[in-house]
Amino acid sequence: MCKVYPMIRESATDFFPQFEEWLSGRGEIAWKHHIPSTSPEFVALPQDLSPTLQGALEKQGISQLYSHQSQSYGLARQNRDFVVVTPTASGKTLCYNLPVVQTLLEDPGARALYLFPTKALSQDQQAELNEIALGGSLPVKIQTYDGDTPASLRTVARTSARIVITNPDMLHSGILPNHTKWVSFFSKLRYVVVDEMHSYRGVFGSHVGNVLRRLQRIAAFYGAHPAFIFCSATIANPQELASSLIEKPVALIDHNGAGLGDKTLFFFNPALVDPVQGIRRSSATESEQIALYLLKNGVKTILFARSRLQVELIASYITESLANPYNENNGIKVSPYRSGLLPSERRAIEKGLREGSIQGVVSTNALELGIDIGGLDAAVIAGYPGNSASFWQQAGRAGRRGGASLAVFVASSAPLDQYFATHPEFFLSQGAEAGHVDLDNPYVFSDHIKCAAFEIPFADKECFGASSEEDTQEALALLESEGVLRHTAARWYWSSDGYPSEAISLRSATSDNVVIVDTTRGAYSVIGEMDRVSAKELLFDKAVYIHLGRQYMVKQLDIEKRLCLVERSDVEYWTDSITKTDLEVLTEDVSEPLSYGDDDGGSVFRCVLGDVLVRTQAEKYKKLRFYTSENVGYGDISLPPEEMQTRALSLVFEGGSRAGKLLSAEDPATCAAILVGVGRLFTSLAPVFLLCDPKDLGISERIRDPHFGWPTLYLYDKYPGGTGLAEALSEKLMPLLKASLERIESCPCADGCPSCIGVDLVSTFVPMAVQSGQQSPSGQPSQRQDSVNYTINFKQRIATFLRGSLA
Amino acid sequence: MASLKKRLALIKDLGLTQASQLTNPAKEGRSGGRIVLEYEKSVGQALGAKRGQQSSSARQSSSTSPGTYPPGLGAGWRQIGQHCFTKSTLSSFAVGDKFLLTIDIRMFEKLSRAGLGFVSGDYAKDYRVELGTMTFFDLETTGLSGGSGTIAFLAGLGYFEAGNFVVDQVFIDDFPGEMDFLSTILSYLEIRPTVVSYNGKAFDIPLLRTRCIMNGLPVPHFQSLDLLHPARRLWSHALPSCSLQVLESAILDVERENDIPGAFIPQIWLDYVKNGASFLTDGLRSDEDYDYGYDYSCQNVAGPRMNNVLTHNEQDIVSLAKLFCTMISMVESSRQIGSADITSLSHMVAACGRIEAAIQLLEQAGINGDERALITLARYYRRGCYLGGRYPEEQYREKYRETVLRLNCITFDSCIEKAKYWEHMEKNYKAALEASQKAMMILDTEAEQQPSDKLLKLSRKKESVQKRISRLNERLQRNLK
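Nothing here was measured: the structure is a model prediction, and the numbers come from that model.

A. Broad picture of the overall build of chain B. Looking only at helices and strands, chain B features 16 helices and 10 strands. Long-range pairs, those at least 24 residues apart, make up 69% of the contacts in chain B between residues at least 6 apart in sequence.

B. Local environment of helix α10 (residues 342-351) of chain B. Residue and element names in this part refer to chain B. Counting buried positions over the 10 residues of α10 gives 10, a clear majority of the element. Here α10 has its buried residues at Ile 342, Thr 343, Ser 344, Leu 345, Ser 346, His 347, Met 348, Val 349, Ala 350 and Ala 351. Positive phi appears at Gly 353, one or two residues downstream of α10, with a value of about 90 degrees.

C. Representation of the sheet that holds strand β20 (residues 485-488) of chain A within the structure. All names here are of chain A. Within the open sheet, the 3 strands sit side by side as β19-β21-β20. Their pairing is antiparallel. Every interior strand has two partners, whereas the edge strands, β19 (458-459) and β20, have only one. Here β19 runs beside strand β21 (residues 491-494); their pairing, made up of 2 bridges, is antiparallel. Paired with Ala 459 across the strands is Arg 491, a residue of β21. The strands touched by helix α18 (residues 469-481) are β19, β20 and β21; relative to β20, the strand with the most contacts, the crossing angle is about 115 degrees.

D. Representation of the packing of α10(B) against helix α12 (residues 371-382) of chain B in the model. Contact pair α10(B) / α12(B): the axes reach a minimum separation of 8 Å and the direction vectors enclose 35 degrees. Contact residues: α10(B) offers Ile342(B), Thr343(B) and Ser346(B), while α12(B) offers Arg372(B), Ala373(B) and Thr376(B).

E. How the structure looks around helix α23 (residues 733-746) of chain A. Its 14 residues give α23(A) an end-to-end C-alpha distance of 20 Å, which sits within 8% of 20 Å, the value for a rise of 1.5 Å per residue. Listing the buried residues of α23(A) in full gives Leu733(A), Leu737(A), Ala739(A), Ser740(A), Leu741(A), Arg743(A) and Ile744(A).

F. Representation of the pairing of strand β6 (residues 134-141) of chain B. Residue and element names in this part refer to chain B. Burial of β6 is extensive: 8 of the 8 residues sit out of reach of the surface. Of the two faces of β6, the one holding Met 134, Phe 136, Asp 138 and Glu 140 and the one holding Thr 135, Phe 137, Leu 139 and Thr 141 are both buried throughout. Relative to strand β9 (residues 194-197), β6 is paired through 3 bridges, and the arrangement is parallel. Its bridge partner being in β9, Thr 135 is matched across the sheet by Val 195.

G. Geometry of unusual backbone geometry. All names here are of chain A. A positive phi angle, close to 60 degrees, is found at Glu 247, a residue other than glycine. Overall, Glu 247 belongs to the partly exposed group, with 14 C-beta atoms counted inside 10 Å. One non-glycine residue with positive phi stands out, namely Ala 489, at about 50 degrees. When you line up the elements, Ala 489 lands in the loop between β20 and β21.

H. The sheet that holds strand β1 (residues 27-35) of chain A, seen in detail. Residues and elements named next belong to chain A. The strand order across the open sheet built from 7 strands is β1-β11-β18-β17-β14-β16-β15, with neighbouring strands paired in mixed fashion. Two strands in the sheet have a free side with no partner beyond their single neighbour: β1 and β15 (334-337). The sheet shows a mean angle of 15 degrees between the axes of neighbouring strands, direction not considered. Where β1 lies against strand β11 (residues 263-270), 8 bridges are found, and the strand directions are antiparallel. Residue pairing for β11: Gly 27 is matched across the bridge by Pro 270. The sheet strands contacting helix α12 (residues 308-322) are β14 (301-304), β15 and β16 (360-363), and the helix crosses β15 at an angle near 175 degrees.

I. Region of the structure containing the environment of Thr118(A). All names here are of chain A. Secondary-structure assignment places Thr 118 in the loop between β5 (111-115) and α5 (119-133). Note on Thr 118: 22 C-beta atoms within 10 Å, which makes it buried. Remark: the alpha-carbon pair of Thr 118 and Asp 667, spanning 549 residues in sequence, is separated by 52 Å.

J. Highlighting the confidence of the model for chain A. All names here are of chain A. Predicted confidence across chain A gives a mean pLDDT of 82, with 85% of residues reaching 70 or more. With pLDDT under 50 throughout, residues 1-11 is counted as low confidence; its partners more than four residues away or in other chains account for 15 contacts. Counting contacts from residues 774-792, a segment whose pLDDT is below 50, to residues more than four positions away or on other chains yields 29 contacts.

K. Highlighting the packing of α12(B) against helix α14 (residues 412-425) of chain B. All names here are of chain B. Running from N to C, α12 and α14 cross one another at 30 degrees; their axes reach a closest spacing of 10 Å. One element, α12, and the other, α14, form an angle in the roughly parallel class. For the pair α12 and α14, the crossing hand works out as left-handed. Residue-level inspection shows Glu 371, Ile 375 and Ala 378 of α12 in contact with α14, the latter providing Asp 413, Ser 414 and Glu 417. Split into classes, the residues belonging to the contact of α12 with α14 amount to 2 nonpolar, 1 polar and 3 charged.

L. Representation of the pairing of strand β7 (residues 152-161) of chain B within the structure. Residues and elements named next belong to chain B. In terms of burial, β7 is largely enclosed, as 9 of its 10 residues are buried. Summarising the sheet, β6 and β7 pair through 6 bridges and their orientation is antiparallel. Opposite Leu 139, over in β7, you have Ala 155 as the bridge partner. Sheet topology note: the β7/strand β8 (residues 164-172) ladder contains 8 bridges and is antiparallel. Each bridged residue has a counterpart across the sheet, and for Leu 157 the counterpart in β8 is Asp 168. Taking the residues between adjacent antiparallel strands as the criterion, β7 and β8 are bridged by 2 residues, where Ala 162 takes a positive phi near 50 degrees.

Analysis parameters
Residues numbered from 1 in each chain as written. Chains lettered and ligands numbered in written order. Predicted model: local features only at pLDDT ≥ 70, side-chain atom pairs only at ≥ 80, totals over all residues. Helix = DSSP H or I, 4+ residues; strand = E, 2+ residues; numbered from the N terminus. Contact = placed C-beta atoms within 7 Å. Buried ≥ 20, exposed ≤ 12 C-beta atoms within 10 Å, placed from the backbone. Pairing = 2+ DSSP bridges. Axes fitted to C-alpha atoms, helices over the stretch in contact; angles between N-to-C directions. Expected span 1.5 Å × (residues − 1). pLDDT = per-residue confidence, 0-100. Parallel < 35°, antiparallel > 145°, perpendicular 65-115°, else oblique. Left-handed = near helix turned anticlockwise from the far one by under 90°. Nonpolar A, V, L, I, M, F, W, Y, C, P; charged D, E, K, R; others polar.

Printed below as a string of structure tokens:
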């Protein structure tokens, strides 16, 4: 939909040259990319569009459609399953709103379900839909149904709403298990709209795919077979992802008929502080300064930081810099926005942005999706968000409504960011990432079989979704042996007093969130919640927790009771935990020597794909001073370890193999340093090839692995049961090795830096070698610790090792 | 990738669980629990006899040979389907010829509406129902949180027959019996279509609907009276909780022996179904029984848990009927039982159209210094009682004045009532403002003590008082000019 906003942007356009000059004085503009505006392709409104709907559109100034909107209308009206992929701000919502509302007008019983990945998006969508429906006074009732919906409106949603807007989590735990209360809804369900489809990949996507299996199973129970409409702004394999989510072929619409606004992208590399060690100014601090500059110049700005902690820190630093009691901080208000805030707090911030009482916002990716906050002119992105879809979404947050806008990517010293600094063509050509899901991940699968059995008992020979009868029946038998199902009279009955979906979260490995309670001065108020695994790493006793710019200290984390008591505090530091990981190989499903066929039959190293048991434990924490991040102390954490079974790709450097020989020539300390260095390169570069978040992949190295008996590098999926990352990695290993080598060779640093193998290999491994009284890595007697010698050595050796691992 | 089957098997072998499958902390104590049910038919029968039950011969089939009732459940059960059984019990509760009474069911209406003497549209025609057409209804289920995977396995259906109270029960011993179970219940409700329950509106009746939908049966529609809410209004201020069991001992003077806590019931049936065959031979008590944290030692007479559930359900139905009769007699006689809240009782009386009686009750309580009763009384007079007018009729003016002046202005409601009086009756804006400001102060003090989730409601109240205050200020200003 093209709403026309007042031209507040003109001043921003004029301001660009000034900004560029300022920016280049501050650091290095590695490269600049200009995306020119393009003109739209219009098509007349569909013939069969009802006059009321036509009137409603005209009221909004819409008298013709973009070509992709018109195509969507056609497919939807034929009840086809399809996916629309066009950029942000191309009027995607009309692609589904128009055919859905038209169908609902024709058939007064028909219903539609809209699925958005976040609550905020649902609310925004309802507002927009209401504008069409109520603005044109159409008799179509629309109701959001999520955790924040009051009980009175829930009944409305169930019985009389024609379009129900919800999120996958609510569908999973609220709607599907209570489908009998939704009889009139399910029995006339015509359309299911899945917007922001790119959110549904990896583990979350695998869960959502299973939720859709359950949805279709229930709809079929009531005799309905809804058509699916998927939408996304950025995804490389829309058709593949959509059809794996619903396990049916889908049609594709990917030609953008809407025009594009003019956008300039600056790739900013912060100034080098220490060229020898390759240390640059912190991307967080630089982003904060850039945002501050923009805000002071009246440019409405959104800053994306990478963690909740960073968001809180940056927002409070900006507010402090603006502090001026005489003019209310120059009239500029900046707010943090991240998950963990209470819904009401988030709503207030969204409203502030929309209405203009807030000019700047610092966000985690909670805002990256298409929440319509309007009127933002600039996006500052502190460090690569982990995948290009997120990047373009974040960059797209500014200037959604056409007109000129700017995006600044502030590179961190992470290898990936630095790789992009020198490879703009790679950055720009990689385009959108692909999304993959594995609906048959055994954990995810059996979780949803459980929920499905609760919803409707399974029959013998029934298959869950498109899974095989064998898998379904096997999972059912497993659940019967656990005692939650009863198999009798050719049916599998839910046979437990529990409510399965309550215990299964779609978002992370664990659903039991820890509730954070502020107990300052005898108070007892809930200020937020966090999943259990993160809580162990962030909310350990004596940890400093920052919430909405306020500092708290953890008094007690009670994992059993899922309760964390905190108290307001005023210390000069924040805390960061150090976790330890143990691995145990459970199976070796594929074990193949890697060879290039160009040498004498020898292998380079062995690749083993299989299941592993990963045990992680937070053991210690660091205290880091605010602003300088200097280490001011340590503390112990005593919490039970987390255990999970997952999939791993192990690179085993056997003695006889080419890479193995290279390693066995080194002393153990150097060998360890090489593996750690390679591991670091892999962790930072793999996300581009694996289309995953850096956090999804775990790496662990052993100089002499107890299972394989050789130096081994484990690359494992951080989600229980695995999501196909290990498998994908085994296919992308060569490009990953090449990119790693390229990164280390092109890195300007002398002796290892945060942008390649890290700065601490020398300080960690040289003393180890010295202590054990061994020859120094360079082969000379280690009388004095000449770090430069060693460092050059490490970097070179890692390069040599990588070169040796390649053809 | 390894086949799903192989990997599932691996998970099973390793005994690994995903974090989400770990037991909830709240349920941990029960996780390992398994109940071994014991089977001893003769004792079951003895128990039945001990309770002094007499089977109503009209309904009971003469045959009680083994196999016609579910294993271990004692005498009196009759098989009506492969997994479905019924039993009829004549209770010791009797009402004589009162069963012919017709009841004004408007007394169970929501407080806010009933209290003001409105007659809801739904009840405008048919608000008198014969006691004899009522079914006292309670389900025992496999879960307390609902959802389409929760089924009912036991239904208690009580009714009056010639002055006697009879409890019929329908029971299934496995899932496939559900269809017979439901159709039996539906046929009962067809004959006596006014359903009296305790928390049935929120739990039993939606669950029954769900089960009908799941089994493709027509969804029943009937009139439903839920005693939970009136009971709460009457007694919640005086009792620790308003569960049926608490009311039983506090109001009805009933004591139960060996009762089973409701929260254990789902697991007992699930275990009974699972171990149905094995417990015939294995009658030993296991240590795990004690995981339930409940002392069963008093029942070493082969205490089949399932039997306790059946008894529990039967007693619930009898208590439900007794509670119902108690409420009715309270309303009919305008008499307080078990320190019931007079204001709420007066609302029930008024809802039946007996405004004068309600006012009498309130006047009496007002004399005894019941502030809530006084406030309600003031409201009645203010609105001209059933006349529903905004300004009091002349005949009530004096009474209104008297009543308001008796209010002590300690609670929020009394302050507001006074503010209304001063503003609208006396046009004394200064006094009205003072009363409103006092109301505001009370809210502020309350806000400090309230948990954060109640704050929203408080802030709405505050808003409305703030409105009143600014209006009064405006009026005062205007008067000054």
